[in-house]
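Results of the structural survey
Each chain, letter by letter, is given below.
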Amino acid sequence: MTCVPDSGENSAEFASFIPAVPEELIPNVQELANQLQIIRETINEPIDIISGFRTKEWNKKKGGAKNSQHLTGKAADISVRHRSPIAMRGIILDLVKQG
């Protein structure tokens, strides 16, 4: 998995907003990483992580919801080069149904 800047951002701006995850949210980020790994293994393709944990300031700058799961380390925006967002949604929903 790789972490890439949003379109329109330069690498320096992106790097300046990579926050340290608060200690109490580490378990959430670890669980999210485990879930992303399951997706990656299922599709057998790399996943680009566009956004993961966000501070309140970064979330506001990105236009995120006030109660965004990014604020708790429970969400990631991802992209897979050879799969459409609709296809990925279906794969993820199937994995959720499987438990």
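Just so it is clear, the model here is predicted, and its values are computed rather than measured. (Residues numbered from 1 in each chain as written. Predicted model: local features only at pLDDT ≥ 70, side-chain atom pairs only at ≥ 80, totals over all residues. Heavy atoms only, no water.)

Considerations on the overall build of the chain
Under the convention used in this document: Secondary structure elements are defined from DSSP: runs of H or I of at least 4 residues count as helices, runs of E of at least 2 residues count as strands, and each element is numbered from the N terminus. Throughout this description, buried means an accessible area under 20% of the type-specific maximum (1.4 Å probe, protein chains only), exposed means over 50%, and partly exposed covers the range between. Only heavy atoms enter the contact rule, under which two residues are in contact if any of them lie within 4.5 Å. Note that accessible areas follow from Shrake-Rupley with a 1.4 Å probe, and for residues the cover is restricted to the protein chains shown.
Across its full length, the chain carries four helices and three strands. For the chain, the N- to C-terminal ordering of α and β elements is β-α-α-β-α-β-α. Relative to its full complement of 99 residues, the chain shows a buried share of 27%. Of the contacts made within the chain by residues no fewer than 6 positions apart, 67% connect residues no fewer than 24 positions apart. When the accessible surface of the chain is totalled, it reaches about 6900 Å², and 54% of it is carbon and sulfur.

Things to note about helix α4 (residues 85-98)
Filter applied, for reference: Here the expected span of a helix is defined as 1.5 Å times the quantity of residues minus one. Summarising the geometry, the arc corresponds to the directions from the helix axis toward the C-beta atoms.
The end-to-end C-alpha distance of α4, which contains 14 residues, comes to 20 Å, matching closely the 20 Å that a straight helix rising 1.5 Å per residue would cover. Along α4, the residues classified as buried are M88, I91 and L95. End-on view of α4: buried residues confined to an arc of 60°, all on one side of the axis. Those residues of α4 that are exposed and angled more than 90 degrees off the buried face are I86, R89, V96 and K97. G99 sits one or two residues past α4 and shows a positive phi near 85°.

With respect to helix α2 (residues 26-43)
Each turn of an α-helix holds 3.6 residues, which means side chains three or four residues apart point in the same direction. The end-to-end C-alpha distance of α2 is 26 Å, a good match for the 26 Å that 18 residues give at a rise of 1.5 Å each. For α2, every residue scored as buried is listed here: L32, L36, I39 and I43. Buried residues of α2 fall within an arc of 55° about the axis and therefore sit on the same side. Exposed and oriented more than 90 degrees from the buried face of α2 are P27 and E41. Elements that come into contact with the buried residues of α2 comprise β2 (48-51), β3 (77-79) and α4.

Description of the packing of α2 against α4
The line we're drawing: Lines fitted to the C-alpha atoms define the axes, with helices restricted to the stretch that makes contact. Angles between their N-to-C directions range from 0 to 180 degrees. What sets the label is the angle itself: under 35 degrees gives roughly parallel, over 145 gives roughly antiparallel, 65 to 115 gives roughly perpendicular, and the rest give oblique. It is the rotation of the near helix from the far one that decides the hand of a crossing: anticlockwise by less than a right angle makes it left-handed, clockwise makes it right-handed.
Relative to each other, α2 and α4 sit at 115°, their axes nearing to 11 Å. As summarised for this structure, α2 and α4 are arranged roughly perpendicular, according to the angle between their axes. Read as a crossing pair, α2 and α4 show a hand that is right-handed. Within the contact between the two elements, α2 uses I38, I39, T42 and I43 and α4 uses M88, I91, I92 and L95.

Some points on the confidence of the model for the chain
Low-pLDDT portions of the prediction should not be read for the details of their coordinates. The criterion, for reference: pLDDT is a residue-level measure of predictor confidence that goes from 0 to 100.
When pLDDT is averaged along the chain, the result is 87, and 82% of the positions lie at 70 or above. Ranking the elements of the chain by mean pLDDT puts strand β1 (residues 2-3) last, at 50, and α4 first, at 96.

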